[in-house]
Amino acid sequence: VALAMLLALIPMQIHAEFLSGNDLVQYMREVDKANASHPQTGYYEVGNYMGFVTGVFDAYMAERLICPDPGVTKGQALEIVSVYLKSNPTKWNLNAVVLVRNAFVSAFPCR
């Protein structure tokens, strides 16, 4: 049973490592559609965006690679990444983790 559970997790890990910035931008656009109550929103992509961004946030915060003020909300973290992506379209070819990291390091530098 434990082996089956471990094997079930492997495809998700591989996919996350190869998520491009262009993929992340597509997910972000679905979040924008959801925020506008668009009837054809891809909520699977919305969930992927939210999960990916908050996962990177938690990992970087746990390793003290970013230093957000206490009380930063998930919504703020998601918006910081969205603003960064929209402001840097020439970087969308980079790995999604790199883009999210850059957004958070810029917003929450450790002093």
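Please refer to the structure placed before this passage.
Conventions we followed
Residues numbered from 1 in each chain as written. Predicted model: local features only at pLDDT ≥ 70, side-chain atom pairs only at ≥ 80, totals over all residues. Heavy atoms only, no water. Helix = DSSP H or I, 4+ residues; strand = E, 2+ residues; numbered from the N terminus. Buried < 20%, exposed > 50% of the residue type's maximum accessible area, 1.4 Å probe, protein only. Contact = heavy atoms within 4.5 Å. Disulfide = S-S within 2.5 Å. Salt bridge = Lys/Arg side-chain N within 4 Å of Asp/Glu carboxyl O.

What about the overall build of the protein?
Here is step 1: Of regular secondary structure, the protein possesses 5 helices and 0 strands.
Here is step 2: Counting from the amino terminus, the protein carries its helices and strands in the arrangement α-α-α-α-α.
Here is step 3: A total of 111 residues make up the protein; the buried ones form 31% of that total.
Here is step 4: Residue pairs in contact within the protein that sit at least 24 positions apart in sequence constitute 63% of those at least 6 positions apart.

A short note on the environment of A103
Here is step 1: Here A103 lies in helix α5 (residues 96-107).
Here is step 2: Take A103: its relative accessible area is 3%, and that puts it in the buried class.
Here is step 3: Contact partners of A103, with chain neighbours within four places excluded, come to I80, V81 and Y84.

Structural notes on the state of the cysteines
Here is step 1: Overall, the coordinates contain 1 disulfide when judged by the stated rule.
Here is step 2: Here C67 pairs with C110 through a disulfide, and the sulfurs are 1.9 Å apart. Because the sign of the S-S torsion sets the handedness, a value of about 95° for the bond joining C67 and C110 places this disulfide among the right-handed ones. One end of the pair, C67, is in the loop between α3 (43-62) and α4 (74-87); the other, C110, is in the segment after α5, with 43 residues separating them in the sequence.
Here is step 3: For C67, a relative accessible area of 36% corresponds to the partly exposed category.
Here is step 4: Look at C110 and you get partly exposed, because its relative accessible area is 37%.

Quick word on the pattern of salt bridges
Here is step 1: The tally for this structure, following the rule as stated, stands at 2 salt bridges.
Here is step 2: Among the ionic pairs, E30 bridges to K33, the shortest N-O distance being 3.3 Å. One end of the pair is E30 and the other is K33, both in helix α2 (residues 21-35) and 3 residues apart, which spans about a single turn.
Here is step 3: Its relative accessible area of 15% is what places E30 among the buried residues.
Here is step 4: On the basis of relative accessibility, which here comes to 25%, the residue K33 falls in the partly exposed class.

Any functional reading would require information beyond the geometric quantities listed.
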